[in-house]
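Notes for the structure review
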Amino acid sequence: MVVASREPVLNRVLAALSRPEYSRMKGGLESVTLTFGDTLYEPGERITHVYFPGDSLVSLLSVVAPGKAAEVGLVGREGMVGFPIALGSAESSLLAVVQGTGTALRMKSAFFRKQFGGNPTLQREIFRFTHLLMTQIAQTAACNRYHVVDARLARWLLMTRDRLNSSQFVLTHEFLAKMLGVRREGVTQSAGELQLRKLIGYSRGKISILDQKGLEARACNCYGLIKGLYAHA
């Protein structure tokens, strides 16, 4: 992770603040670049900073055993990474890993607590985001239990595209397997099927969505449910 030059506010939580509210927070915000594969928090680790993604993307994973984890949530510009701080917890229960390289605004947790306590708009936006994230986590858990890998992979690719606002991103089969909680062979087979149908292209760790409508038809209904909730929030 490297400190980057300041960028326009892309994060929707921060964008919802009034000019005076944002001005009070601005002194505690630092623009950083989050790099694919960076770990922001380990389970049980103290949360020293919160992150407001701009054009970056962070995966939240539940760890069940050493080396075994599955993604339960995605956080992009619509929210904040480190939300337990707003709920009174100082530690992360999840593994937070950067999935999409890009910018974010970082703030020390102590500073965030002070701002959060006296800012009703910030409270409203964080609580709204947290509710949506909890719904996403619950839906993802059910999806992982009942839907086949092909449909889950299509859903996951579409959710990633929506948050990165790009149809091309860097991903390896190994990383995808960890996100979906399946064996690498299962991801390779499912990705190959989607590629055969010309829904995606895959080359040297880069995935391109070639047919978004076709991929939506291939995805399970969890994608539409989650997208609809975020759109109407």
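This text goes with the structure placed above it.
Everything in this summary refers to the structure shown in the same document. (Residues numbered from 1 in each chain as written. Predicted model: local features only at pLDDT ≥ 70, side-chain atom pairs only at ≥ 80, totals over all residues. Heavy atoms only, no water.)

1. As for the sheet that holds strand 6 (residues 68-75)
The following threshold applies: Note: two strands are recorded as paired if DSSP finds a minimum of 2 bridges between them. Runs of E in the DSSP output that reach at least two residues are strands. Runs of H or I that reach at least four are helices, and both are numbered from the N terminus. All axes here are fitted lines through C-alpha atoms, helices being fitted over the stretch that makes contact, and every angle between N-to-C directions spans 0 to 180 degrees. Contacts were defined at the residue level, with two residues in contact if any of their heavy atoms lie within 4.5 Å.
Reading across the sheet, the 4 strands line up as 3-7-5-6 and stay open at both edges, with antiparallel pairing between neighbours. The open sheet has two edge strands, strand 3 (39-41) and strand 6, and neither has a second partner. Put simply, the sheet's adjacent strands are angled 35 degrees from each other on average, direction ignored. Two elements, strand 3 and strand 7 (residues 95-100), share 2 bridges in a ladder whose sense is antiparallel. Opposite Tyr41, over in strand 7, you have Ala96 as the bridge partner. The sheet strands contacting helix 5 (residues 149-164) are strand 5 (57-65), strand 6 and strand 7, and the helix crosses strand 6 at an angle near 40 degrees. Across the sheet, helix 6 (residues 173-180) touches strand 5, strand 6 and strand 7, and the angle it forms with strand 6 is around 85 degrees.

2. Description of the side chain of Ser109
Worth spelling out the cut-off: Only protein chains enter the accessibility calculation, which uses a 1.4 Å probe; a residue is then buried when its area is under 20% of its type maximum, exposed when over 50%, and partly exposed in between.
Relative to the helices and strands, Ser109 is located in helix 3 (residues 109-117). Exposure remark for Ser109: the relative accessible area of 3% places this residue in the buried category. Apart from the residues within four sequence positions on either side, Ser109 is in contact with Ile47, Thr48, His49, Val50 and Ile85.

3. Focus: the pairing of strand 7
Within strand 7, 6 of the 6 residues are buried, which leaves it mostly tucked inside the rest of the structure. In terms of strand pairing, strand 5 meets strand 7 through 5 bridges, oriented antiparallel. Within strand 7, the position partnered with Leu60 by the bridge is Ala96.

4. Thoughts on unusual backbone geometry
A positive phi is found at Asn165, a non-glycine position, where the angle reads about 55 degrees. Following the sequence through the fold, Asn165 ends up in the loop between helix 5 and strand 9 (168-170). In this structure, Lys198 takes a positive phi of about 60 degrees despite not being glycine. Tracing the backbone through its elements, the reader meets Lys198 in the loop between helix 7 (184-196) and strand 10 (200-203). By relative accessible area, which is 65% here, Lys198 ends up exposed.

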